[in-house]
Amino acid sequence: MDNKQIAIKLIYDNLGLEFEMNTFQDRLILQKTIYLVQTLGVNLGYHYSWYLKGPYSTSLASDGFTIRDELNTGSDELKSWKLDDTISSKLESVRNWCDEGDKELLAKKLELYASVHFLVDKKQMDQNDVDQLVSTLHEYGKNFQTSEVEEAVKELLQHGAIN
């Protein structure tokens, strides 16, 4: 694994997430988790564009499968690595967002937060115009309710992911 891939696995461990790539949901969780981690200042160098389920990085998907394959070989390469305290503290917000006990709910929440952030950051939509955000999300086939978008905006603002 390269340093970026090692960092992803360490981030997952820090967040208390099991690294899996078996299902679409697993891959969605990877995409949105790393997207949100980057919004909080942990730059891993992944670039995102809009796809069916919000922000998506082709290179991250590829790295995810490499990590899975390396973990399946039983590699102990990770034992000598750890995240520094600065990165660990930046992960606190995402750790709180990942406290869903159900993988389906976690995937939905992360998709919502990442999608709202992407629309505000890249499409330069006003985070205070929740109706416009909801409408745009609906145009992209996302059936998030106004209350869910309001909660996402509140959380993203509270944790400094948007200004």
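Please read these numbers as outputs of a predicted model, since none were measured by experiment.

Rules of the game
Residues numbered from 1 in each chain as written. Predicted model: local features only at pLDDT ≥ 70, side-chain atom pairs only at ≥ 80, totals over all residues. Heavy atoms only, no water. Helix = DSSP H or I, 4+ residues; strand = E, 2+ residues; numbered from the N terminus. Buried < 20%, exposed > 50% of the residue type's maximum accessible area, 1.4 Å probe, protein only. Lys, Arg positive; Asp, Glu negative; His and termini not counted. Salt bridge = Lys/Arg side-chain N within 4 Å of Asp/Glu carboxyl O. Contact = heavy atoms within 4.5 Å. Axes fitted to C-alpha atoms, helices over the stretch in contact; angles between N-to-C directions. Parallel < 35°, antiparallel > 145°, perpendicular 65-115°, else oblique. Left-handed = near helix turned anticlockwise from the far one by under 90°. Nonpolar A, V, L, I, M, F, W, Y, C, P; charged D, E, K, R; others polar. Phe/Tyr/Trp six-rings, centres within 6.5 Å; stacked < 30°, edge-to-face > 60°. Lys NZ or Arg CZ within 6 Å of the ring centre and 35° of its normal. Core = buried A, V, L, I, M, F, W, Y, C linked by side-chain atoms within 4.5 Å. pLDDT = per-residue confidence, 0-100.

Overview of unusual backbone geometry
Right, on to step 1. Even without glycine at this site, Gln124 takes up a positive phi of about 55 degrees.
Right, on to step 2. Residue placement: Gln124 occurs in the loop between helix H6 (103-121) and helix H7 (130-139).

Looking at the side chain of Asp63
Right, on to step 1. One can find Asp63 in helix H3 (residues 58-72).
Right, on to step 2. Lys4 provides the closest opposite charge to the buried, salt-bridge-free Asp63, at an N-O distance of 4.5 Å.
Right, on to step 3. Ignoring sequence-local partners within four residues, the contact set of Asp63 consists of Lys4, Gln5 and Tyr46.

Section: the packing of helix H2 (residues 24-39) against H3
Right, on to step 1. Orientation of H2 relative to H3, taken along the N-to-C sense of each, is 120 degrees, at an axis distance of 10 Å. One element, H2, and the other, H3, form an angle in the oblique class. Judged by the sense of rotation from one axis to the other, the crossing of H2 with H3 is right-handed. The residues of H3 that touch H2, namely those facing Arg27, Leu30, Gln31 and Ile34, are Leu60, Ala61, Gly64 and Phe65.
Right, on to step 2. Class assignment of the residues belonging to the contact of H2 with H3 gives a composition of five nonpolar, two polar and one charged.

Observations regarding the packing of aromatic side chains
Right, on to step 1. Scanning the model with the defined rule gives seven aromatic pairs in all.
Right, on to step 2. The interplanar angle of 40 degrees and the centroid separation of 4.6 Å between the aromatic rings of Trp50 and Tyr140 together place this pair among those described as tilted. Remark: Tyr140 occurs in the loop between H7 and helix H8 (146-158) and Trp50 occurs in strand S1 (residues 49-51); sequence separation between them is 90 residues.
Right, on to step 3. With centroids separated by 5.1 Å and ring planes inclined at 85 degrees, the aromatic side chains of Trp97 and Tyr113 adopt a geometry described as edge-to-face. With Trp97 in helix H5 (residues 92-97) and Tyr113 in helix H6, the pair connects residues that are 16 residues apart, well separated along the chain. A single burial state applies to Trp97 and to Tyr113, both of which are buried.
Right, on to step 4. One aromatic cluster is present, built from ring pairs that chain together Tyr35, Tyr48, Trp50, Phe118 and Tyr140.
Right, on to step 5. Of note, Lys4 hangs over the ring of Tyr46, and the distance from its end group to the ring centre comes to 4.3 Å.

Quick look at the nonpolar core
Right, on to step 1. By size, the foremost hydrophobic cluster in this structure holds 54 residues, and its most contacted members are Ile8, Ile11, Ile34, Leu36, Val116 and Val149.
Right, on to step 2. Listing elements by their share of this core, those giving two or more residues are helix H1 (3-15), H2, H3, H5, H6, H7 and H8.
Right, on to step 3. In terms of residues, this core owes the most to one element, H6, which gives ten residues.
Right, on to step 4. Apart from residues lying up to four places away in sequence, Val116 is in contact with Leu133, Leu137, Val149, Ala152, Val153 and Leu156.

Comments concerning the confidence of the model for the chain
Right, on to step 1. Per-residue confidence for the chain averages 91 on the pLDDT scale, and 99% of its residues sit at or above 70.
Right, on to step 2. Within the chain, the lowest mean pLDDT, 86, falls on H5, and the highest, 96, falls on H2.

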